[in-house]
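This is what each chain is made of:
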Amino acid sequence: MTPEQWSAFLEVHKDLPREGPGAPEDVHWALGRIGMSGAVDVFDAGCATGGDTVTLAQALPEARIRAVDTTEPFVAHAQARLAPFGDRVRVELGSMAEPGGTYDLIWCAGALYFLGVTEGLTLWRDALKPGGHVAFSEPVALGPLSTDATAFWEEYPQITDLAGIEARVSAAGYRVLDHRMIVGAPWLAYYDPMQARIDHLHTINTDPAVTEAMGACQREIDLWHAAKDEIAYALLIVAPE
Ligand SMILES: C[S@@+](CC[C@H](N)C(=O)[O-])C[C@H]1O[C@@H](n2cnc3c(N)ncnc32)[C@H](O)[C@@H]1O
């Protein structure tokens, strides 16, 4: 992306409550499945605007949480949202490749593919406390992809099925504790606010670069609606062997 395209992308994406599919229930499921409570340390890797960071902070009232993202406007938004939780929740501009501590849980919704599943998990091994877990969500093919679903994932050629993700986990020396699929409503938590933002921009925007970014986002939303039953993220809970 050129700087102009990136700025136009942010014009559409800024201030969205989340930057990928997911719901508070996904966080609660993972915490329950791990049995996590008390004064634990949590790293939210690629937190964007902090949608899941808020849920983590609410669900774990004694936890110390560090959340990072490399996109400055997202971090500023997340910092404002997380301010009511005080010093125990830190949101910083930074890379998830540098966790900066050790954690009981590394939460990573829809961002691990920036590092690569095997590469990221390998990197995070030293950032996990004994008994620690990583919970991450990753695009997954539920079966053979239709034309619309293939077009939806065209910028993610490394898409694979659940067994393919598990093989990437295994290659990092981790085991899968459990998984669940994110399909349907949690995608609307991402796309409904984006659609509202596009609809609003149609009434005020005059910048051709933003018009192009709006068109690309609208195409993504339309393709999702056309193939929503076969477009999924897998949320996996994993731990070092
Ligand atoms: C698809 S979004 C998901 C964000 C968030 N977890 C959510 O569910 O709303 C991926 C995020 O990863 C961030 N990102 C990409 N590479 C990163 C890196 N190396 N370190 C931290 N964040 C990164 C992007 O800026 C973006 O906000």
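This section reports on the structure supplied with the text. (Residues numbered from 1 in each chain as written. Predicted model: local features only at pLDDT ≥ 70, side-chain atom pairs only at ≥ 80, totals over all residues. Heavy atoms only, no water.)

1. Some points on the site of the ligand
With respect to spatial proximity, 18 residues lie near the ligand, and among them Glu19, Gly46, Asp69, Thr71 and Met96 are the closest. Contact distances for the ligand include 2.8 Å between an oxygen atom and a backbone N or O atom of Glu19. Within the backbone of Gly46, one N or O atom sits 2.8 Å away from a nitrogen atom of the ligand. Relative to its free-state accessible area of 600 Å², the ligand is covered by the protein chains to the extent of 88%. (Near = heavy atom within 4 Å. Polar contact = N/O pair within 3.5 Å; in protein donor to acceptor, adjacent residues only side chain to side chain. Areas by Shrake-Rupley, 256 points an atom, 1.4 Å probe, with all protein chains shown as cover.)

2. Quick word on the packing of helix H5 (residues 117–124) against helix H7 (residues 162–171)
Orientation of H5 relative to H7, taken along the N-to-C sense of each, is 35 degrees, at an axis distance of 8 Å. The hand of the H5/H7 crossing is right-handed. Residue-level contacts link Val117, Thr118 and Leu121 of H5 to Arg168, Val169 and Ala171 of H7. Classifying every residue of the contact of H5 with H7 by side-chain character gives four nonpolar, one polar and one charged. (Axes fitted to C-alpha atoms, helices over the stretch in contact; angles between N-to-C directions. Helix = DSSP H or I, 4+ residues; strand = E, 2+ residues; numbered from the N terminus. Left-handed = near helix turned anticlockwise from the far one by under 90°. Contact = heavy atoms within 4.5 Å. Nonpolar A, V, L, I, M, F, W, Y, C, P; charged D, E, K, R; others polar.)

3. Details of the pattern of salt bridges
The tally for this structure, following the rule as stated, stands at 11 salt bridges. Here Asp41 makes a salt bridge to Lys129, at a shortest N to O gap of 2.6 Å. Separated by 88 residues along the polypeptide, Asp41 in strand E1 (residues 41–45) and Lys129 in strand E5 (residues 128–141) bring together distant segments of the chain. Taking relative accessible area as the criterion, Asp41 reaches 13% and is therefore assigned buried. The shortest N-O distance in the salt bridge between Glu154 and Arg219 comes to 3.1 Å. Placement of Glu154 in the loop between helix H6 (147–152) and H7 and of Arg219 in helix H9 (residues 208–226) is noted, with a sequence separation of 65 residues between them. For Glu154, a relative accessible area of 48% puts it in the partly exposed group. (Salt bridge = Lys/Arg side-chain N within 4 Å of Asp/Glu carboxyl O. Buried < 20%, exposed > 50% of the residue type's maximum accessible area, 1.4 Å probe, protein only.)

4. Observations regarding the side chain of His133
Inspection of the secondary structure puts His133 in strand E5. If near-sequence neighbours (up to four positions away) are discounted, His133 is found in contact with Ile34, Asp104, Leu105, Ile106, Leu128, Leu177, Ile237, Val238 and Ala239.

5. Remarks on the packing of aromatic side chains
In this structure the tally under the stated criterion is 13 aromatic pairs. An angle of 45 degrees between the planes, with centres 5.8 Å apart, marks the rings of Tyr191 and Trp224 as tilted. Taken together, the residues span a long stretch of sequence, with Tyr191 in helix H8 (residues 185–204) and Trp224 in helix H9 at a distance of 33 residues. Classification of Tyr191 by relative accessible area gives buried; the value is 1%. Note on Trp224: relative accessible area 1%, which makes it buried. Counting every residue linked through ring pairs, the aromatic cluster contains Tyr113, Phe114, Phe152, Trp153, Tyr156, Trp187, Tyr190, Tyr191, Trp224 and Tyr233. (Phe/Tyr/Trp six-rings, centres within 6.5 Å; stacked < 30°, edge-to-face > 60°.)

6. Some words on the packing of helix H1 (residues 3–13) against H8
The geometry of H1 relative to H8 is characterised by a closest axis approach of 8 Å and an angle of 110 degrees between their N-to-C directions. Considered as vectors, H1 and H8 are oriented roughly perpendicular to each other. Between H1 and H8, the residues in contact are Glu11, Val12 and His13 and Tyr190, Met194, Arg197, Ile198 and Leu201, respectively. Looking at side-chain class alone, the contact of H1 with H8 contains five nonpolar, one polar and two charged residues. (Parallel < 35°, antiparallel > 145°, perpendicular 65-115°, else oblique.)

7. Remarks on the pairing of strand E7 (residues 231–240)
Most of E7 is tucked away: nine of the 10 residues are buried. Where E5 meets E7, eight bridges bridge the pair, whose relative direction is antiparallel. Looking at E7, one finds that Val134 is bridged to Val238. (Pairing = 2+ DSSP bridges.)

8. Examining the sheet that holds strand E2 (residues 64–69)
If you trace the seven strands from one edge of the open sheet to the other, you get E3-E2-E1-E4-E5-E7-E6, paired in mixed fashion. A single partner strand is all that each edge strand has here, and the edge strands are strand E3 (89–93) and strand E6 (174–182). Between one strand axis and the next, the sheet turns by 20 degrees as a mean value, whatever way the strands run. Where E6 meets E7, eight bridges bridge the pair, whose relative direction is antiparallel. The residue of E7 that forms the bridge with Met181 is Ala234. Seen against the sheet, helix H2 (residues 24–34) touches strand E4 (103–109), E5, E6 and E7 and runs at an angle of roughly 150 degrees to E6.

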